[in-house]
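# Fold and geometry: a report
Listed below are the residues making up each chain.
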Amino acid sequence: MPDRVTLTVNGQRYGGWTSLEVTRSLEAIAGTFTLAVTERWPEAPVRRAIHRGDRCTVAIGDDVVLTGWVDAPRRGFDARGRTVTIRGRDATGDLVDCSAVHTPGQWRNRRLEQIAADLCRPFGIPVRRATDTGAPFRDVALHTGETVFEALERLCRHRAVLLVSDGQGGLVLTRAGTRRVSTVLAEGENLLAAELEDSERERYSRYVVKGQHAGDDTVGGGAAAEPQGEARDPGVKRDRPLIVLAEDQGDAGSFRERAQWEANVRAGRGTQGTATVQGWRDATGALWTPNTLVHVRSTTLEVDGPLLITSVTYHLSEQGSTTTLTLTRREAFDRIPLPEADEDLV
């Protein structure tokens, strides 16, 4: 039996949807959904008391995949019958839309998850930490007019953390996943369609990060003024150098780390693809989810190894249920913490 999709609004469960699109992504803090149903004449219309601003959940079988709000119901009719389309987002969508409001708008010696909880509390959004968030911030202030997401994303850059929705109405502080799905996606077996781009456009053979370091009694002015670090991408065969000016002070070691990060992330982002599979679940019965690794094997795509699922879209149409996975290399989501002294914090 295929999974039943239900939209629950104000305690009332609605099913019978004839089309569905639900998307969850590492690159969007809020998941989205579109559900539609056509009610044919001459049957009596089914009353669906769903209005904008209603609290809702979307479930596939027993698994809740989105908890948030109805954004836009649309109703219509023609000679063939009536249509109802419901669109909405995770509760975390309010963090993208709404300005950050907090009194006094400044924190001292507070951890990232504590600041996030303060900013999310007015929206009833709980915050969960799923990774190390580093030391408390010494001094943080809101920027006038910035949204909650902008404020938190600014802080997350300093702690190398990603912001994602948990699908249950909460916000999670995390990093790129390491959990592997046991299912192998293989050409000629369970892959309905797939494509993969391997781009060199933003990749370089050699990365040189240059900057400055404050001199002291042990570091002379010349050494302090010209520290640099270098890294190479062996996947780029011809000479393609890139010089990066560091935003903050550092030494040769930190600049070498930054150069290696540039090489890794740009190489990761060079691989982008999609895969379409039948159904919404892997071979173990678990829903496909973002921020997990899956092994992809395809001679056409010239790939045989793990890729990170960055986005999942569940589809339902006249052709049945399918899932589209957006894929990249895990390195594309590596992060390095920025120095806290950056003026961006205050």
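Right above here is the structure, for reference.
Summarised in this report is the structure supplied together with it.

Parameters at a glance
Residues numbered from 1 in each chain as written. Predicted model: local features only at pLDDT ≥ 70, side-chain atom pairs only at ≥ 80, totals over all residues. Heavy atoms only, no water. Helix = DSSP H or I, 4+ residues; strand = E, 2+ residues; numbered from the N terminus. Buried < 20%, exposed > 50% of the residue type's maximum accessible area, 1.4 Å probe, protein only. Contact = heavy atoms within 4.5 Å. Areas by Shrake-Rupley, 256 points an atom, 1.4 Å probe, with all protein chains shown as cover. Lys, Arg positive; Asp, Glu negative; His and termini not counted. Charge placed at Lys NZ, Arg CZ, Asp CG, Glu CD. Pairing = 2+ DSSP bridges. Axes fitted to C-alpha atoms, helices over the stretch in contact; angles between N-to-C directions. 1 Å grid on protein atoms, 1.4 Å probe; cavity = no way out; pocket = protein on both sides within 12 Å on 5 of 7 lines; lining within 4 Å. Points joined across faces, edges and corners; volume = space filled by probe spheres on them. Nonpolar A, V, L, I, M, F, W, Y, C, P; charged D, E, K, R; others polar.

### Topic: the overall build of the chain
Counting its secondary structure elements, the chain contains 5 helices and 21 strands. Per-residue burial over the chain gives 46% buried out of 346 residues. Relative to all contacts within the chain whose residues are 6 or more apart in sequence, the contacts with residues 24 or more apart total 68%. In the form shown here, the chain has an accessible surface area of approximately 17900 Å², with 48% of it arising from carbon and sulfur atoms. Looking at the chain, you have 44 positive and 49 negative side-chain charges, and the mean spots of the two groups are 4 Å apart.

### Some points on the sheet that holds strand β15 (residues 206-210)
The 3 strands are arranged β16-β15-β17 in an open sheet whose pairing can be described as mixed. Of all the strands in the sheet, the pair left with one neighbour each is β16 (228-232) and β17 (241-245). Taken pair by pair, the neighbouring strands of this sheet meet at an average axis angle of 15°, ignoring direction. In the packing of helix α5 (residues 252-269) onto the sheet, contacts are made with β15, β16 and β17, and the angle to β16 comes to roughly 30°.

### Regarding the sheet that holds strand β11 (residues 162-165)
Spatially, the 3 strands line up as an open sheet ordered β9-β12-β11, and their pairing is mixed. The open sheet has two free edges, formed respectively by β9 (127-129) and β11, since each of these has just one partner strand. Across this sheet, the average inter-strand angle for adjacent strands is 25°, counted without regard to direction. Two strands pair when backbone bridges link them, and β11 and strand β12 (residues 171-174) are joined in this way by 4 bridges, in the antiparallel orientation.

### So, the pairing of strand β5 (residues 55-60)
Along any regular strand the residues' side chains alternate between the sheet's two faces. Sheet topology note: the strand β1 (residues 5-9)/β5 ladder contains 5 bridges and is antiparallel. For T6, the partnering residue across the bridge sits in β5 and is A59. Bridge count for β5 against strand β6 (residues 63-78) is 6 bridges, and the pairing is antiparallel. Directly across from R55, in β6, lies its bridge partner W69. The hairpin formed by β5 and β6 contains 2 residues between the paired strands, and G61 there has a positive phi angle of roughly 65°.

### Side note on unusual backbone geometry
At the junction of T103 and P104, the peptide bond is cis and its omega measures out at 15° in the coordinates. Along the chain, the position of P104 falls in the loop between α1 (93-97) and β8 (106-110). Positive phi, close to 50°, is recorded for N10, a residue that is not glycine. Examined against the element boundaries, N10 turns out to sit in the loop between β1 and β2 (12-14). The backbone of A160 shows a phi angle near 55°, a positive value even though the residue is not glycine. Tracing the chain through its elements places A160 in the loop between α3 (148-159) and β11.

### Some remarks on the environment of L163
Take L163: it is sitting in strand β11. Relative accessible area serves as the criterion here: at 8%, L163 is assigned to the buried category. Taking the C-alpha atoms as reference points, L163 and W17, separated by 146 residues in sequence, lie 31 Å from one another. Beyond its immediate stretch of four places on either side in the chain, L163 contacts L26, I29, F149, L152, E153, C156, L171, V172 and L173.

### Thoughts on the pairing of β1
The buried fraction of β1 is high, at 5 of 5 residues. Neither face of β1 is exposed, since V5, L7 and V9 on one face and T6 and T8 on the opposite face are all buried. Across 3 bridges, β1 lies against β2 in antiparallel orientation. Note on β2: the bridge partner recorded for L7 is Y14. A loop of 2 residues connects β1 with β2, the two strands running antiparallel in sequence, and N10 in this loop sits at a positive phi of about 50°.

### Overview of the layout of surface pockets
One water molecule sets the probe size; rolling that probe over the atoms shows where empty space is left. Roughly 710 Å³ of internal volume is contained in the largest pocket. If you trace the largest pocket, you find 31 residues lining it, with R157, W261, R335, I336 and L338 closest to the centre. For the lining of the largest pocket, the elements supplying multiple residues, two or more each, are β4 (28-40), α3, β11 and α5. By residue number, the principal contributor to the lining of the largest pocket is α5, which donates 7 residues. Quantified by volume, the second largest pocket comes out at close to 480 Å³. Along its surface, the second largest pocket is lined by 30 residues, and R24, T289, P290, N291 and T292 are the ones closest to its centre. Mapped by element, the contributors of at least two residues to the lining of the second largest pocket are β3 (19-25), β4, β11, β12 and β13 (180-186). The greatest single-element share of the lining of the second largest pocket, amounting to 4 residues, is contributed by β4. When its residues are assigned to classes, the lining of the second largest pocket shows 13 nonpolar, 10 polar and 7 charged.

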